[in-house]
Amino acid sequence: MLSQDDPKSRPMLELREKLQPEVIELIKQQRLNRMYEGTCFRKISARRRQDKFWYCRLSPNHKVLHYGDIEEFSQGQISPESLQEKVTVADIKAVVTGKDCPHMKEKGALKNKELLELAFSIHHNSDEYLNFIAPDKHEFCIWTDGLNAVLGKEMTSELTKSDMDTLVNMELKLRLLDLENIQIPDVPPPVPKEPSTYDFVYDFSQQHI
């Protein structure tokens, strides 16, 4: 019987596997839409005398990252025209995180575990880096997932794994609602033997007056 109470049954595993590509595409679009809206990032300086911010957003065609300094923290969208700099996605060579980021190799940065978990960098052109400190872990996952998506790579964050499980389970529940109290075998029924004669089949070669 097809039931969510037995998630390891073959029919359930096959249905789950079938749903995964659809769910991955849904998660990908959510990440890219969030990057299109843009995010305000805090600049990390050695002196730390005052907070400075910069903003980054993905273009509608997903081919360019627009970014630039802003005067104060913003939760609203900032237009691409207001952002002075840009990086073409085609020029991105890699996305690195944590201790592999150039700005985390500075004195004292490696000792700050919170910063390490929120740091990521875009390696672009010959040897240039665009360095980020995400506002929180959720935004870190959104951006690293989204960057991997536009580069044609797998989204591997903890958030993607959680979203995948949640959305697949929700879709399974919806599809099983229509099958409630219907007995479905775990294996397909055997194919019946061929009939001994096919006399019951109409012979179109015979002409009838």
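Scroll up to find the structure.
Residues numbered from 1 in each chain as written. Predicted model: local features only at pLDDT ≥ 70, side-chain atom pairs only at ≥ 80, totals over all residues. Heavy atoms only, no water.

A. A look at the pattern of salt bridges. Within the structure shown, the criterion is met by 5 salt bridges. In this structure, Glu 139 engages Arg 34 in a salt bridge whose closest nitrogen and oxygen atoms are separated by 3.0 Å. Taken together, the residues span a long stretch of sequence, with Glu 139 in helix α3 (residues 137-150) and Arg 34 in helix α1 (residues 10-37) at a distance of 105 residues. Here the salt bridges share partners, and the residues they tie into one network are Arg 31, Asp 145 and Asp 163. (Salt bridge = Lys/Arg side-chain N within 4 Å of Asp/Glu carboxyl O. Helix = DSSP H or I, 4+ residues; strand = E, 2+ residues; numbered from the N terminus.)

B. Up close: the layout of surface pockets. Each pocket or cavity is described by its volume, and for the largest pocket that value is around 270 Å³. Elements with a minimum of two residues in the lining of the largest pocket: β1 (39-43), β3 (64-70) and β7 (128-133). No other element matches β7, which puts 4 residues into the lining of the largest pocket. Its residues placed into classes, the lining of the largest pocket shows 7 nonpolar, 4 polar and 5 charged. (1 Å grid on protein atoms, 1.4 Å probe; cavity = no way out; pocket = protein on both sides within 12 Å on 5 of 7 lines; lining within 4 Å. Points joined across faces, edges and corners; volume = space filled by probe spheres on them. Nonpolar A, V, L, I, M, F, W, Y, C, P; charged D, E, K, R; others polar.)

C. Broad picture of the nonpolar core. Ranked by internal contacts, the top residues of the largest apolar core, which has 39 residues, are Cys 56, Leu 65, Phe 120, Phe 132 and Trp 143. Of all the secondary-structure elements, those providing two or more residues to this core are α1, β2 (52-58), β3, α2 (113-118), β6 (119-124), β7, α3 and α4 (158-177). Ranked by the residues each element gives to this core, the list is headed by α1, at 7 residues. Listed in part, the 6 residues of the second largest apolar core include Phe 53, Tyr 55, Ile 70 and Ile 78. (Core = buried A, V, L, I, M, F, W, Y, C linked by side-chain atoms within 4.5 Å. Buried < 20%, exposed > 50% of the residue type's maximum accessible area, 1.4 Å probe, protein only.)

D. Up close: α1. A rise of 1.5 Å per residue sets the reference length of α1, with its 28 residues, at 40 Å; its end C-alpha atoms lie 41 Å apart and thus fit the reference within 8%. The axis of α1 is deflected most strongly, by about 35 degrees, at Gln 20, and proline Pro 21 appears within four residues downstream. Turning to α1, its buried residues number three or more, namely Pro 11, Met 12, Leu 15, Arg 16, Leu 19, Val 23, Ile 27, Arg 31, Leu 32 and Met 35. In the core, the buried residues of α1 are packed alongside β2, β3, α3 and α4. Phi for Gly 38, located one or two positions after α1, is positive at around 95 degrees. (Expected span 1.5 Å × (residues − 1). Bend = angle between axes of the 7 residues up to and from the residue. Contact = heavy atoms within 4.5 Å.)

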